[in-house]
2 protein chains.
Amino acid sequence: MGLPAPNSSEEVLERNSEYAVSHPGSYHFTAENFKSTTRTIIDLPVVRCAGGRARLAISDIAILNTLIGINEIILIHHTDCGLTHRSTDYMREKIEAISPLEAQKMDLEDLGIIDFEASINNDVSWLRNHPLIKKETKITGLLYDIDTGKLTKIASQ
Amino acid sequence: MGLPAPNSSEEVLERNSEYAVSHPGSYHFTAENFKSTTRTIIDLPVVRCAGGRARLAISDIAILNTLIGINEIILIHHTDCGLTHRSTDYMREKIEAISPLEAQKMDLEDLGIIDFEASINNDVSWLRNHPLIKKETKITGLLYDIDTGKLTKIASQ
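Residues numbered from 1 in each chain as written. Chains lettered and ligands numbered in written order. Predicted model: local features only at pLDDT ≥ 70, side-chain atom pairs only at ≥ 80, totals over all residues. Heavy atoms only, no water.

Looking at an unreviewed UniProt entry, one finds chain A named Carbonic anhydrase, with Trichoderma harzianum CBS 226.95 as its source organism. UniProt lists a comment for chain A under the heading Sequence similarities (unreviewed entry), and it reads "Belongs to the beta-class carbonic anhydrase family." (UniProt positions renumbered as here; feature names shortened; annotations may be inferred.)

Encoded structure:
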């Protein structure tokens, strides 16, 4: 089954630095189709949601916490993500056009990605201040470059 | 890059029947650590959430629909899932104990899994009747057996 589960974001980055060397070049990715990076962190529980945005994963994180306990969260956004191609307003309008009531129930705040440093920093801070995340939980935000296969640390709180 | 993306749930099942033959036996899985099945459907956009429960994925499905359009949904639950080990009430109480307000915002209905036929049928019906899912979207519910690697069709609507 390959390597044992990594113990920290540092270990994920270390493994990725070996992996990126043999990265086969540009992949066709969709927003949730994040195979290369999940390959490096394959034995950790992975929540895969649109854009890797924290707001969409918080229920899963809270439920996972009841099942196994969460001591560290590694958040990853990736270049050429589908959410970089549409604005938050565009997506909200499309969903409201189908069902205004359901759109209201969803957290569609700050969904589109214009700048990865901003989106990753925002999500890490949002998680850091979330009532369901323990203060001692380590939170690291990484950017995955789909052209090079490289993970870069953007934020850590 | 392996095979091109499968076009339907039938093709996913067909590929799985070949894959299951060489399945290496029992894996250690966590709820969101669904590597074997994602390997068979790797080029489709994948939302990975606690238990594969539809309620936790609906926002992602709605957002993906604005980005790429969704014509078919393949929902997969797997044996020995973390959600089979705890009741809905247990998980709700744990989350309410941390933040009653945040627990209220979450859809924690019918979360624990007692019977896979029931959980898959419920989720497929829930999606079928959801205002954000088009009536012409095909919805198939599969069960993945982690011991044999085999996918079985449970529901189709």
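**With respect to the packing of aromatic side chains**
This structure, assessed with the given rule, holds zero aromatic pairs over all chains. The ring centre of A:Y90 lies 4.2 Å from the NZ or CZ of A:R86, which sits over that ring. (Phe/Tyr/Trp six-rings, centres within 6.5 Å; stacked < 30°, edge-to-face > 60°. Lys NZ or Arg CZ within 6 Å of the ring centre and 35° of its normal.)

**Comments concerning the sheet that holds strand β1 (residues 72–78) of chain A**
Sheet strands pair via backbone hydrogen bonds, and the direction of the pair is either parallel or antiparallel. All names here are of chain A. If you trace the three strands from one edge of the open sheet to the other, you get β1-β2-β3, paired in mixed fashion. Sheet topology places β1 and β3 (151–156) at the edges, where each strand pairs with a single neighbour. When strand polarity is set aside, the average angle formed by the axes of neighbouring strands in this sheet is 30°. (Pairing = 2+ DSSP bridges. Helix = DSSP H or I, 4+ residues; strand = E, 2+ residues; numbered from the N terminus. Axes fitted to C-alpha atoms, helices over the stretch in contact; angles between N-to-C directions.)

**Some words on the pattern of salt bridges**
All names here are of chain A. Scanning the model with the defined rule gives 16 salt bridges over all chains in all. Between R55 and D107 there is a salt bridge whose closest N-O contact spans 3.3 Å. Residue R55 is located in helix α3 (residues 54–67), and its partner D107 is located in the loop between α5 (100–105) and α6 (116–128); the two are separated by 52 residues in the primary sequence. (Salt bridge = Lys/Arg side-chain N within 4 Å of Asp/Glu carboxyl O.)

**Brief notes about empty space enclosed by the protein**
Residues and elements named next belong to chain A. For the coordinates displayed, the defined rule picks out four cavities of 30 Å³ or more. I61, A62, N65, I70, I73, L132, I133, K134 and T137 together form the lining of the largest cavity. Sort the elements by how many residues they give to the lining of the largest cavity and α3 lands first, with three residues. Counted by class, the lining of the largest cavity contains six nonpolar, two polar and one charged residues. (1 Å grid on protein atoms, 1.4 Å probe; cavity = no way out; pocket = protein on both sides within 12 Å on 5 of 7 lines; lining within 4 Å. Points joined across faces, edges and corners; volume = space filled by probe spheres on them. Nonpolar A, V, L, I, M, F, W, Y, C, P; charged D, E, K, R; others polar.)

**A few points about the UniProt feature "binding site: Zn(2+)" (unreviewed entry) in chain A**
Residues and elements named next belong to chain A. According to UniProt, the "binding site: Zn(2+)" (unreviewed entry) feature falls on H78 and C81. By the secondary structure assignment, H78 is in strand β1. H78 gets classed as buried once you look at its relative accessible area, which sits at 3%. Looking at where C81 falls in the secondary structure, it is placed in the loop between β1 and α4 (88–98). Judged by relative accessible area, which is 0%, C81 ranks as buried. (Buried < 20%, exposed > 50% of the residue type's maximum accessible area, 1.4 Å probe, protein only.)

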